Amino acid sequence: MTEHIKIEKSDGILSLTMARPDKKNALTNAMYGALADAIEGAETDPSVRVLLIRGEGDMFTAGNDVGEFAAIATGAVQGERHVGRFLQALARSSRPLVAAVQGRAVGIGTTMLLHCDLVVLAENALLSTPFVNLALVPEAASSLLMPLRIGYARAFEMFSLGEAVDAKSALAWGLANRVVPLDKLDAEARALASRLAKQPAGAVSTTKRLMRNPELLMAQIKAESEQFAARLKTVEAREAFTAFAERRPPDFLKLAAS
């Protein structure tokens, strides 16, 4: 358990809040573990009918804690990684998932939204997937789900160039259900979650399963995870993380010349 994930349950809604605002809600291994535990636990808790995912502060999440990733890339960190459990829990969840997104949603902050059934964006939301910028590959089955959602051309541009998509475009592309003023975000997301909680739970979960194929998603997550782990050990990734630590642009061209 970690204090950086706040968990509250009321009226059939389990709220999961990423609460590390001083670090832009960057996700650590412990945070992934707490999120995975909560989502997995909801599957056997009949009092939980909907999950609401949100971030504290001015940003949804900056994505993976890059410091931890750098340590993994150099072999300085060992032990169980919980990110895989989190991704699998998202893919397998029979409970509807609602997300309330303000500010930046980076990397997994955006790809997790592809597993959410209702997404509410604040007007200041910016979605980005800069995996290639870090010499990595997409995760969370997003290499499958993103092109299906927004088309190959847009998805490849998001992944390969890492540029942010604003809330208005995200809504037009089908990445969100609503865009609301920032001060209305929580109220709108909770209202939608409350409406879902009052629906017949069996019909909701069955409808969700008919619309999604958890087995296919799990296979894609496994394939991506294998490539992601391999990429973390490359010289390109080492250059990307070194450049990040040194606050300079990475120079991948020099690697090709060496």
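Residues numbered from 1 in each chain as written. Predicted model: local features only at pLDDT ≥ 70, side-chain atom pairs only at ≥ 80, totals over all residues. Heavy atoms only, no water.

- As annotated in an unreviewed UniProt entry, the protein chain carries the name Enoyl-CoA hydratase/carnithine racemase and comes from Bradyrhizobium algeriense.
- The record in UniProt for the protein chain states the following under Sequence similarities (unreviewed entry): "Belongs to the enoyl-CoA hydratase/isomerase family." (UniProt positions renumbered as here; feature names shortened; annotations may be inferred.)

## Topic: the pattern of salt bridges
Consideration 1: In total, this model carries 15 salt bridges according to the counting rule given.
Consideration 2: We note a salt bridge from Arg20 to Asp65, for which the minimum N-O separation is 2.8 Å. Residue Arg20 is located in the loop between β2 (13–18) and α1 (29–42), and its partner Asp65 is located in the loop between β3 (50–55) and α2 (66–73); the two are separated by 45 residues in the primary sequence.
Consideration 3: Here Arg209 ties to Glu215 by a salt bridge, and the two come within 3.1 Å at their closest N and O atoms.
Consideration 4: Exposure remark for Arg209: the relative accessible area of 48% places this residue in the partly exposed category.
Consideration 5: Put simply, Glu239, Glu246, Arg248 and Lys254 are held in one network by salt bridges that share partners. (Salt bridge = Lys/Arg side-chain N within 4 Å of Asp/Glu carboxyl O. Helix = DSSP H or I, 4+ residues; strand = E, 2+ residues; numbered from the N terminus. Buried < 20%, exposed > 50% of the residue type's maximum accessible area, 1.4 Å probe, protein only.)

## So, the pairing of strand β1 (residues 5–10)
Consideration 1: Taken together, the six bridges between β1 and β2 define a ladder with antiparallel strand orientation. By the bridge assignment, Ile5 is partnered in β2 with Met18.
Consideration 2: Turn length for the β1-β2 hairpin, with the two strands adjacent in sequence and antiparallel, is two residues, and the turn residue Asp11 shows positive phi of about 55°. (Pairing = 2+ DSSP bridges.)

## Topic: the packing of aromatic side chains
Consideration 1: Inspection of the entire model under this criterion finds three aromatic pairs.
Consideration 2: Ring geometry for Tyr152 and Phe156: centres 5.8 Å apart, planes at 10°, overall stacked. Linking Tyr152 with Phe156, this pair stays in helix α6 (residues 152–161), spanning four residues, or about one helical turn.
Consideration 3: On the accessibility criterion, Tyr152 (60% relative accessible area) is exposed. (Phe/Tyr/Trp six-rings, centres within 6.5 Å; stacked < 30°, edge-to-face > 60°.)

## Notes on the sheet that holds β2
Consideration 1: Spatially, β1-β2-β3-β4-β6-β9 is the arrangement adopted by the six strands of the open sheet, whose pairing is mixed. Each edge of the open sheet carries a strand with a single partner, namely β1 and β9 (178–180). Taking each pair of neighbouring strands and ignoring which way they run, the sheet shows an average axis angle of 15°.
Consideration 2: The sheet contact formed by strand β6 (residues 118–122) and β9 spans three bridges and is parallel. Paired with Ala122 across the bridge in β9 is Val180. (Axes fitted to C-alpha atoms, helices over the stretch in contact; angles between N-to-C directions.)

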